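As a plain string of letters, each chain reads:
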Amino acid sequence: MASTSHSSHQHRHDHHDWDSSKYVSDWAAGQDQKEKARQEPFRVLAKTIPFDNKLPIRILDVGAGYGALTQFLLSHFSNATAICQDGSEEMAKLGQERMKHLKGRFKYVLCDFSKPGWSQKLTGPFEAVVSAIAIHNVRSPKIIERVYSDIYPLLKNGGCFINFDRERPPLEDQMKWLRDAGFQDVKRFWTGETRALFGGFKK
Ligand SMILES: C[S@@+](CC[C@H](N)C(=O)[O-])C[C@H]1O[C@@H](n2cnc3c(N)ncnc32)[C@H](O)[C@@H]1O
């Protein structure tokens, strides 16, 4: 799993403190007020996943946090299961608690996606890899580019990767890295004030 030492943690998460139980519960309480505003991009994201909503697809949520997006997708895809990847044990604890009603349909895997080899902990393939406001946390364009190329082999042919995140680094760069990783039909699916929904497909 991800290192939880103080120094690597600061490097990984900048000013965030995802390993602190207080920081995580305060963040989640603040985020709860904002969840309503995310329903529209989450709906667009769910509709962009090119599978019937009754199929037992496997979903990977990268930087899943307490599972807001996972919950949304497990409700839309009523027979799906999910792997919630995150680097924070505290977030995973909160997610287990908040998704009690979905017991058996999701599992947390702890690892740090900024570190090479992180994706080996994840048993693919997945029909859909998704992520929400997580990958920008690593900040380094080189690492984000690598994360995208690590995600591609985790997908089944016909699957997709859809990311809801800040346009930081610039979206044009991020979409180029997706194409370079092998994704096709890379596009922006939705635009918000500070965030966008974008991704591509594995043919
Ligand atoms: C802003 S929260 C978003 C959580 C969730 N996706 C959501 O939208 O509610 C960012 C999440 O990414 C995780 N994260 C940040 N950097 C990470 C890294 N390098 N490896 C794994 N998880 C990371 C944090 O622990 C946190 O749960």
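Residues numbered from 1 in each chain as written. Predicted model: local features only at pLDDT ≥ 70, side-chain atom pairs only at ≥ 80, totals over all residues.

Caption draft 1: Up close: the sheet that holds strand β2 (residues 81–86). Strand order in this open sheet of 7 strands is β3-β2-β1-β4-β5-β7-β6, and the pairing throughout is mixed. This sheet does not close on itself; its edge strands, each paired only once, are β3 (106–110) and β6 (184–191). Each strand of the sheet is rotated relative to its neighbour by a mean of 20 degrees, with strand direction disregarded. Packed on one face of the sheet, helix α2 (residues 21–48) meets β4 (126–132), β5 (155–166), β6 and β7 (195–201) and runs near 165 degrees to β5. Packed onto the sheet, helix α4 (residues 89–98) meets β2 and β3 and runs at close to 170 degrees relative to β3. (Pairing = 2+ DSSP bridges. Helix = DSSP H or I, 4+ residues; strand = E, 2+ residues; numbered from the N terminus. Axes fitted to C-alpha atoms, helices over the stretch in contact; angles between N-to-C directions. Contact = placed C-beta atoms within 7 Å.)

Caption draft 2: Main features of the nonpolar core. Of all hydrophobic cores here, the largest spans 53 residues; its most connected members are Ile 59, Leu 69, Leu 73, Ala 82, Ala 128, Val 129 and Val 130. Aside from chain neighbours lying at most four places away, what touches Leu 69 is Phe 42, Asp 61, Ala 64, Val 130 and Ala 132. (Core = buried A, V, L, I, M, F, W, Y, C linked by C-beta atoms within 7 Å. Buried ≥ 20, exposed ≤ 12 C-beta atoms within 10 Å, placed from the backbone.)

Caption draft 3: Spotlight on the packing of α2 against helix α3 (residues 68–76). Closest axis-to-axis distance for the α2/α3 pair is 10 Å, and the angle between their directions is 50 degrees. When the axes of α2 and α3 are compared, the pair comes out oblique. Judged by the twist between their axes, the crossing of α2 over α3 is right-handed. Packed against α2, whose contacting residues are Glu 35, Arg 38, Phe 42 and Ala 46, the element α3 presents Ala 68, Leu 69, Phe 72, Leu 73 and His 76 at the interface. In the contact of α2 with α3, the residues fall into 6 nonpolar, 1 polar and 2 charged. (Parallel < 35°, antiparallel > 145°, perpendicular 65-115°, else oblique. Left-handed = near helix turned anticlockwise from the far one by under 90°. Nonpolar A, V, L, I, M, F, W, Y, C, P; charged D, E, K, R; others polar.)

From the geometry alone we can't say anything about function, so treat these as descriptive.
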